[in-house]
Amino acid sequence: MHKPLRLAAVAAACVVTGAALYGAGAATAGQSTANSTHEPYNIGLLVKDIDTYYGTTLDANGVYQASPDSPYAQDLADIDASAMRYIDKAARKAHKHGERPAVVFDIDDTLLLSLDYEKKTNYTYNSATWADYVNRADRPAVFGSPELVRYAQSKGVEVFYNSGLSESQRAAATENLKKVGADVNLDADHMFLKDKANPPAYLSACATPGTWNCTTVQYKSGTRRHIEDDLGYEIVANFGDQYSDLEGGYADRTYKLPNPTYFVS
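## Details of the pattern of salt bridges
Phase 1: Considering all chains together, one arrives at ten salt bridges under this definition.
Phase 2: For R139, the salt bridge goes to D108, with nearest N and O atoms at 2.8 Å. With R139 in the loop between α5 (127–135) and α6 (145–154) and D108 in the loop between β3 (101–105) and α4 (115–120), the pair connects residues that are 31 residues apart, well separated along the chain.
Phase 3: Judged by its relative accessible area of 3%, R139 falls in the buried class.
Phase 4: Here K120 ties to D116 by a salt bridge, and the two come within 3.2 Å at their closest N and O atoms. A residue pair is termed a helical-turn pair when its members lie 3 or 4 positions apart in one helix, as K120 and D116 do in helix α4 at four residues.
Phase 5: Here the salt bridges share partners, and the residues they tie into one network are D88, R92 and K155.

If you want it as structure tokens, here you go:
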């Protein structure tokens with residue numbers, strides 16, 4: 001990940017809404033922040049709204065879970081249903097024209113839900129506690145996402161992962177994805193993680209060994225460009241919970257999954 005704008009994002013996310021298809025012309029309306037002399041939305045009330053949206057409950061093991069009956073789950077189900085219809089159509093079209101279709105998934109809060117971490121840290125970020133949380137490899141799935149991964153594979157679409165997790169977290173990410181049933185193409189040729197010590201040559205415009213200057217958009221769009229231009233795939237769909245997961249091109253269609261808990265520029 002991760003997350004330069006935690007509490008600021010909570011304060012700015014004044015309305016918790018379900019995410020929908022983020023397509024051409026959508027611009028960055030979902031990224032606006034408060035710019036007013038009026039009193040901002042109360043953080044305490046916003047946290048309650050977020051809990052209502054997720055249907056947040058504390059399970060018997062002391063872990064905060066989202067409810068499968070929540071508005072969050074329903075928004076995800078709507079997105080997944082639309083995406084499956086599109087992937088089926090796009091895959092058939094690509095195969096007919098001799099193309100190699102692919103889909104790209106972010107990991108954090110696109111495939112693996114971090115709600116428990118957000119709640120227990122009061123929506124703040126600390127690199128040490130975040131690393132410990134990731135390395136436990138016990139995050140639950142984002143509702144419907146493992147099924148979407150497997151569906152794409154069943155249609156002959158190559159699955160790639162494009163994550164802000166660090167290279168040192170590869171083993172934990174792989175283990176966690178296997179646990180939730182997203183056990184598709186979890187090798188290094190398909191899972192792209194952030195390697196600041198030895199960045200790939202295709203990111204040389206913003207990263208050299210030991211020097212990382214890539215923005216999230218540069219890193220993620222540069223990786224998608226590599227998948228298309230160097231590996232020879234046509235990315236038919238790109239999935240992420242942040243607009244920065246989706247911007248920069250190199251995907252025929254982009255899907256914004258809901259996440260009202262933090263914002264990554």
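## Brief notes about the packing of aromatic side chains
Phase 1: Throughout the structure, instances matching the rule amount to 13 aromatic pairs.
Phase 2: With centroids separated by 5.2 Å and ring planes inclined at 35°, the aromatic side chains of Y117 and Y133 adopt a geometry described as tilted. In this pair, Y117 is assigned in helix α4 and Y133 in helix α5, connecting sequence segments 16 residues apart. Considered together, Y117 and Y133 belong to a single accessibility category, that of buried residues.
Phase 3: Taken together through their ring pairs, the aromatic side chains of Y53, Y54, Y72 and F143 make up a single cluster.
Phase 4: Its end group placed over the ring of Y233, R100 keeps NZ or CZ at 4.0 Å from the ring centre.
Phase 5: Just above the ring of Y86 sits the side chain of R253; from NZ or CZ to the centre is 4.1 Å.

## A closer look at the nonpolar core
Phase 1: Of all hydrophobic cores here, the largest spans 49 residues; its most connected members are V103, F105, I107, Y161, L177 and F239.
Phase 2: With eight residues, helix α3 (residues 71–96) is the single largest residue contributor to this core.
Phase 3: The residues contacting F239, other than those within four sequence positions of it, are A83, I87, V103, V104, F105, D106, T110, L148, L246, Y255 and L257.
Phase 4: If you look at the next biggest cluster of nonpolar residues, it comprises 14 residues, including F192, C214, I227 and Y233.

## Observations concerning the confidence of the model for the protein chain
Phase 1: With 86% of its residues at a pLDDT of 70 or more, the protein chain shows a mean pLDDT of 90.
Phase 2: Per-residue pLDDT stays below 50 along residues 1–29; that stretch engages in 73 contacts with residues further than four places along the chain or on separate chains.

## A short note on the sheet that holds strand β4 (residues 158–166)
Phase 1: With respect to topology, five strands assemble into an open sheet ordered β5-β4-β3-β8-β9, the strand pairing being parallel. Of all strands in the sheet, those with a lone pairing partner are β5 (191–194) and β9 (254–256), marking the two edges. When strand polarity is set aside, the average angle formed by the axes of neighbouring strands in this sheet is 15°.
Phase 2: Bridge count between strand β8 (residues 234–240) and β9: three bridges; the pairing is parallel. Each bridged residue has a counterpart across the sheet, and for N238 the counterpart in β9 is T254.

Criteria and cut-off values
- Residues numbered from 1 in each chain as written.
- Predicted model: local features only at pLDDT ≥ 70, side-chain atom pairs only at ≥ 80, totals over all residues.
- Heavy atoms only, no water.
- Salt bridge = Lys/Arg side-chain N within 4 Å of Asp/Glu carboxyl O.
- Helix = DSSP H or I, 4+ residues; strand = E, 2+ residues; numbered from the N terminus.
- Buried < 20%, exposed > 50% of the residue type's maximum accessible area, 1.4 Å probe, protein only.
- Phe/Tyr/Trp six-rings, centres within 6.5 Å; stacked < 30°, edge-to-face > 60°.
- Lys NZ or Arg CZ within 6 Å of the ring centre and 35° of its normal.
- Core = buried A, V, L, I, M, F, W, Y, C linked by side-chain atoms within 4.5 Å.
- Contact = heavy atoms within 4.5 Å.
- pLDDT = per-residue confidence, 0-100.
- Pairing = 2+ DSSP bridges.
- Axes fitted to C-alpha atoms, helices over the stretch in contact; angles between N-to-C directions.

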